[in-house]
Structure formats: structure tokens, C-alpha cells
Amino acid sequence: MQLADHFNEFLRTTVNLGQVKLDLLDTRVEAIYRALKADEEIGSLVLGKTPQGSWAHRTIIDPVGGSEFDADVMLLMAENPDWSKNPKTYVEEVYAALHRHSIYKNMPHSRKCRCVRLVYSNSMHVDIVPYVVLTDGREVIVNRDEDTWENTNSQGFTTWMRTQDQSAQGNLRKVIRLMKFLRDHKGSFTGTRSVILTTLLGNQVCESKKFADPGYYRDVPTALLHIVSDLDTYLQANVIKPLVADPSGSGVTFDHRWEQSTYSYFRERIHKHAAEIRNAYDAEDKDTSLRLWQDLFGPAFKAPVTATSSAKFPAAAAAVTAVSRPGRAG
């Protein structure tokens, strides 16, 4: 059975990142931006900021236990001709600006390949990705390890996500969150980066599927069944790790972040999950279906608290309301 109401409840109470954390993320990123904008050395080069990755795509999920969640922000900077031969200078200078700041200098911050990471003490880190539009029109980020530019089109990726989600009747983002939950909370296909998982799942959404079946993506469980089944079909046809092109058309690929062994494990696990989802979806008996869905997602997958049932236990109902996480990602 589909148990669509169970899925909505599971996403709302267990999978989605809560609104409090999302609001805190907004506040902190704004403060970081103001600090960099006010820096005497690089402030004049700082032109804007844009959410990136799962934050921008609304596929961010609540982290496991007390683990920190991460968010990426693109920091638009003006091109500095003096740094043209050493693109990594942008990362170095953003790091130096944080190091000069009265607050951030005392917080853990480090340089990564493409960003500067700032770590907060309560379950969050922010990756600040310098981003430049070169005079030749190319949109680029820095590869600090190789001291080179990499083409990017983060807005194009976000637009592609929005288009694919609309084609899936607003259910692609929810399917991605559910699959990230399996990866992070259930330990399945560990090692597959979010950008690869998002791209592969999004690539399965196709308008033509709805010609034969208008309800192909009609609700979360049906979209989950079809998108994961279609991904399984694609993976089973590719024993060797395929290219995973950036759907924004930037010309880059993401599969360099994947080893063949990691891909093979992912391929095997998706094949198993596709069968598990099919069995739970097709089960005609409600108790059997619920047990199969819980085998996959865990005991938190359960029926929503209804008005009738909560009326018998008003105190318990109030407690449920207090801890719910509607989240803008919902």
C-alpha cells in the first residue's frame, strides 16, 4: 500500500531539517556575509551571496543524532587581476578575512579545496565558496589543490532542480530527502555524495512517463517507487561507473568524486532498495505494507496523529505539535 499520509508525517517529523535550524542558518550566513563585506582587505570585492547545494535545492535533511549539518553559500567576488595567475588566492583571502574578524577568528575555520569552512559549536558548519564571473564571461569557482578555475553554473543547477521537481509534481525533492535519509541514517550506500545522488535521481524524471501514466509521480510513495525503479534500471545497464554530467550544462562532471568500488556498492544497494520499495508498495494488506516500509525506513515511519486520536490524549497531542518540524524544506 502507498500509505501516503505516513510518508508526509515521516518527512515532517523525522527527515526534514526543522525551520528553527533553517532560520538560524539564514541568520548566520547573513552575519558572515556582512563581516566579509566589511573587511578592509577584501570587502570591496565581495558582491553578493547565493545558497548552493542541498540548501538551495531544498533537499537538506536533519543530520544523524547530534551530528552537524552543513550548508554551502556561494560568495560572489569581483575579479582581481592581481590574483589571475593564482586563483587559490580567493580562498586564501576569504580565510584571512575570517581570521582577522573579532568573532570568527576564535571559531574553527579551515581551507578546503573549493571553500572556506566555518564551524559552529552547535551542529552546523558553513562552507563559503568564492565564485567569480571572469571578464570572458565564464562563471568559475576555485580548485585550491590545483590552483585552477573550475567552471560552474550553480543557478543553472538550481533551475534544473526546480524544473525536474515540477515535472515530478513537487515530489522529486521529497524522494531525494528520503534517499539521503537511507544513506545517512540507515548507513546505506555510504560514500555517494549528495550532488551525485541528486543528479542521478533528478535525471530519472521525465515528462514522457506521464503520457502513458498521468499519475506516475502523483504522490510521494508513487514517485519514490518509479524514480528509484527507473534509477535501478539505469544502473543495472551500467556495470562500469558512468559519467555524471552537471545538468546545468557547465561542462563539468561529478563522477570524479566516485570510485568504481563506491559506484558498484551504490548500484547494488539501489537494486536492493528498489525491490524493497516495490514489495512495500504492492502489499495489499496494510499491516504487511507498514511493516515492510518500517523495515526500510525504521520505526519512525508511522501513521500521523489524527484529530480523533489526539482528542483522547490532549497533552500528548500538544507535545507532538511542539516538536514537529514543518520546515520550509517540506
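Residues numbered from 1 in each chain as written. Predicted model: local features only at pLDDT ≥ 70, side-chain atom pairs only at ≥ 80, totals over all residues. Heavy atoms only, no water.

### With respect to the layout of surface pockets
In this model, the largest pocket occupies a volume close to 1,400 Å³. Lining the largest pocket are 49 residues, and of these Asp-70, Asp-72, Arg-193, Val-195 and Arg-257 lie nearest its centre. If you list the elements that add at least two residues to the lining of the largest pocket, you get β1 (46–52), α3 (53–57), β2 (69–77), β5 (124–133), β7 (148–151), α5 (154–167), α6 (172–185) and α7 (194–203). The element best represented in the lining of the largest pocket is α3, accounting for five residues. Of the residues that constitute the lining of the largest pocket, the class distribution is 17 nonpolar, 17 polar and 15 charged. (1 Å grid on protein atoms, 1.4 Å probe; cavity = no way out; pocket = protein on both sides within 12 Å on 5 of 7 lines; lining within 4 Å. Points joined across faces, edges and corners; volume = space filled by probe spheres on them. Helix = DSSP H or I, 4+ residues; strand = E, 2+ residues; numbered from the N terminus. Nonpolar A, V, L, I, M, F, W, Y, C, P; charged D, E, K, R; others polar.)

### Section: the packing of aromatic side chains
Going through the model one piece at a time under the given rule, you end up with 17 aromatic pairs. Relative to Phe-297, the ring of Phe-7 has its centre 5.9 Å away and its plane inclined at 85°; by these criteria the two rings are edge-to-face. Linking Phe-7 in helix α1 (residues 4–15) with Phe-297 in helix α11 (residues 286–297), this pair joins segments that are 290 residues apart in sequence. When sorted by exposure, Phe-7 lands in the same class as Phe-297, which is buried. Summarising the aromatic geometry, the rings of Phe-157 and Phe-254 are spaced 6.1 Å apart at their centres and angled 50° between planes, so their arrangement reads as tilted. Of this pair, Phe-157 sits in helix α5 while Phe-254 is found in the loop between α9 (220–236) and α10 (260–282), placing the two residues 97 residues apart along the sequence. Overall, Phe-157 belongs to the buried group, its relative accessible area being 6%. Lying across the ring of Tyr-33, Lys-49 places its NZ or CZ 5.5 Å from the centre. Lying across the ring of Tyr-95, Arg-111 places its NZ or CZ 4.0 Å from the centre. (Phe/Tyr/Trp six-rings, centres within 6.5 Å; stacked < 30°, edge-to-face > 60°. Buried < 20%, exposed > 50% of the residue type's maximum accessible area, 1.4 Å probe, protein only. Lys NZ or Arg CZ within 6 Å of the ring centre and 35° of its normal.)

None of the figures reported here should be taken as evidence of function without further support.
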